[in-house]
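For reference, the chains in residue letters:
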Amino acid sequence: MGLHGVKAVFFDLDNTLVDTAAAGRRAIEEVLTAPVISALQSKHHYEEGQARAVCDKVQAKLLKECHDPAKMCITDLRISHWEEAIQETIGGEANRDLAAECYYLWKTTRLQHLTLAEDTRAMLSELRKRVRLLLLTNGDRQTQREKIEACACQPYFDAIVVGGEQKEEKPAPSIFHYCCDLLGVQPAECVMVGDSLDTDIQGGLNAGLKATVWLNKAMTTPVDTSPVPHYIISSVLDLPAVLQKMEHKINAQLGPDHMASSNE
């Protein structure tokens, strides 16, 4: 059983299916109370406020991060974030070993907090009975594959595509068309769901998908109204209702005769 006009749904991963931002914040808090930071305070006589300043600076660097895999691996880049943050806060010589210890602690803790909620699992399971599902995520291959493994979302998808493994990432049309080819569907038969206007929504529009669904948890109006998604939801769990609305719209356009024949 499918949906009229919709054969596949593409889902973004970070902050769409899993709350990566919250997991990162929780990991930072746990780093602050970890032995490595306690040792930093006792050995160098730093106050708790300075340790927190280091973590705040790392958070800021992660938000502004631009990663070019051709120039540096993601691990080295993120260790450098910690190294720079420690040096900027404390001064003195760079401490690569301490930075690496902080990074690996943060990374491990964040992965532990990445979960696919039970209600999301249930929604995906039900949806997959009607349409094909694909996970489409931008980012470094190793980092994204570790997240996918950590939240154990593989069984819910017919295919998983990581931008870092492709020639181009979202919003390039090529990666969306690659996804369509994987599933044997046309762009006009697919829906993209994600939290990023710049990559998920713009990408879906660039690729000529049937519809784009923007996950706007805060339900705030963006300053820049471009690109314009076809639908806006505040929770990924609202997606089935949107798909139902799309189906009703298509049925209305097709008329009662078609609906009767298709239900026979």
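Here's a quick rundown of the structure.

The rules behind the values
- Residues numbered from 1 in each chain as written.
- Predicted model: local features only at pLDDT ≥ 70, side-chain atom pairs only at ≥ 80, totals over all residues.
- Heavy atoms only, no water.
- Helix = DSSP H or I, 4+ residues; strand = E, 2+ residues; numbered from the N terminus.
- Buried < 20%, exposed > 50% of the residue type's maximum accessible area, 1.4 Å probe, protein only.
- Contact = heavy atoms within 4.5 Å.
- Areas by Shrake-Rupley, 256 points an atom, 1.4 Å probe, with all protein chains shown as cover.
- Salt bridge = Lys/Arg side-chain N within 4 Å of Asp/Glu carboxyl O.
- Pairing = 2+ DSSP bridges.
- Axes fitted to C-alpha atoms, helices over the stretch in contact; angles between N-to-C directions.
- Core = buried A, V, L, I, M, F, W, Y, C linked by side-chain atoms within 4.5 Å.
- 1 Å grid on protein atoms, 1.4 Å probe; cavity = no way out; pocket = protein on both sides within 12 Å on 5 of 7 lines; lining within 4 Å.
- Points joined across faces, edges and corners; volume = space filled by probe spheres on them.
- Nonpolar A, V, L, I, M, F, W, Y, C, P; charged D, E, K, R; others polar.
- Domains from an automatic or database assignment.
- Parallel < 35°, antiparallel > 145°, perpendicular 65-115°, else oblique.
- Left-handed = near helix turned anticlockwise from the far one by under 90°.

**Focus on the overall build of the protein**
- The helix and strand tally for the protein stands at 11 helices and 6 strands.
- Going through the 264 residues of the protein one by one, you find that 47% of them count as buried.
- Looking at the protein alone, contacts between residues at least 24 apart form 63% of all its contacts between residues at least 6 apart.
- Put simply, the protein shows about 13400 Å² of open surface, and 50% of that area lies on carbon and sulfur atoms.

**Considering the pattern of salt bridges**
- Evaluation of the coordinates by the stated rule reveals 18 salt bridges.
- Across the salt bridge formed by glutamate 189 and lysine 7, the nearest N and O atoms sit 3.3 Å from each other. Placement of glutamate 189 in the loop between helix H8 (173–183) and strand E4 (190–194) and of lysine 7 in the segment before strand E1 (8–11) is noted, with a sequence separation of 182 residues between them.
- Accessibility expressed as a relative area gives 46% for lysine 7, which makes it partly exposed.
- Between lysine 129 and glutamate 126 there is a salt bridge, with its nearest N and O atoms 2.8 Å apart.
- The network of salt bridges with shared partners includes Asp12, Lys170 and Asp200.

**Thoughts on the sheet that holds E1**
- Spatially, E3-E2-E1-E4-E5-E6 is the arrangement adopted by the 6 strands of the open sheet, whose pairing is parallel. Here the strands that pair on one side only, and so sit at the sheet edges, are strand E3 (159–162) and strand E6 (231–233). Across the sheet, the axes of successive neighbouring strands diverge by a mean angle of 20 degrees, strand direction being ignored.
- In terms of strand pairing, E1 meets strand E2 (residues 132–137) through 4 bridges, oriented parallel. Bridge pairing in E2 places valine 9 opposite leucine 133.
- Contacts from helix H7 (residues 141–151) reach E2 and E3, with the element oriented near 145 degrees to E3.
- Of the strands in this sheet, E1, E2, E3 and E4 are in contact with H8, which crosses E2 at around 150 degrees.

**Focus: the nonpolar core**
- Counting 36 residues, the largest nonpolar core has Val9, Phe11, Leu135, Phe157 and Val191 as its most contacted members.
- Counting residues per element, this core draws most heavily on helix H10 (residues 239–254), at 4 residues.
- Counting residues in hydrophobic clusters, the runner-up holds 19 residues, among them Ala27, Ile28, Val54 and Leu98.

**A short note on empty space enclosed by the protein**
- According to the stated counting rule, one finds 1 cavity of 30 Å³ or more in the structure shown.
- Considering the residues around the largest cavity, the lining is formed by Ile74, Thr75, Arg78, Tyr103, Trp106, Lys107, Arg110, Leu111, Gln142, Thr143, Glu146 and Lys147.
- Per-element accounting of the lining of the largest cavity gives the leading share, 5 residues, to helix H5 (residues 96–113).
- A class-by-class count of the residues in the lining of the largest cavity yields 4 nonpolar, 3 polar and 5 charged.
- Here the lining of the largest cavity spans two domains, since at least three of its residues come from each of domain 1 (8–18 + 116–254) and domain 2 (20–113).

**Considering the layout of surface pockets**
- What the largest pocket holds in volume is close to 1100 Å³.
- Every residue lining the largest pocket is counted, 34 residues in all, and those nearest its centre are Asp14, Leu62, Glu65, Arg78 and Lys147.
- Going through the elements one at a time, helix H1 (20–32), helix H3 (48–63), helix H4 (74–90), H5, H7 and helix H9 (197–206) are the ones with two or more residues in the lining of the largest pocket.
- Its residues assigned to classes, the lining of the largest pocket comprises 7 nonpolar, 13 polar and 14 charged.
- Both of domain 1 (8–18 + 116–254) and domain 2 (20–113) provide at least three residues apiece to the lining of the largest pocket.

**Let's talk about the packing of H1 against H3**
- Across the interface, H1 lies against H3 with an axial gap of 10 Å and an inter-helix angle of 155 degrees. The angle between H1 and H3 falls in the class roughly antiparallel. Considering the relative orientation of H1 and H3, their crossing is right-handed. Between H1, through Arg25, Ile28, Glu29, Val31 and Leu32, and H3, the contact on the second element is made entirely by Ala51, Arg52, Cys55 and Gln59.
- Residue classes in the contact of H1 with H3 are distributed as 5 nonpolar, 1 polar and 3 charged.

**Notes on the side chain of threonine 20**
- Residue placement: threonine 20 occurs in helix H1.
- A residue is classified by how much of its surface remains accessible, and threonine 20, at 8% relative accessible area, is buried.
- Discounting chain neighbours no more than four positions away, the residues touching threonine 20 are Asp14, Asn15, Arg110, Leu114 and Lys147.

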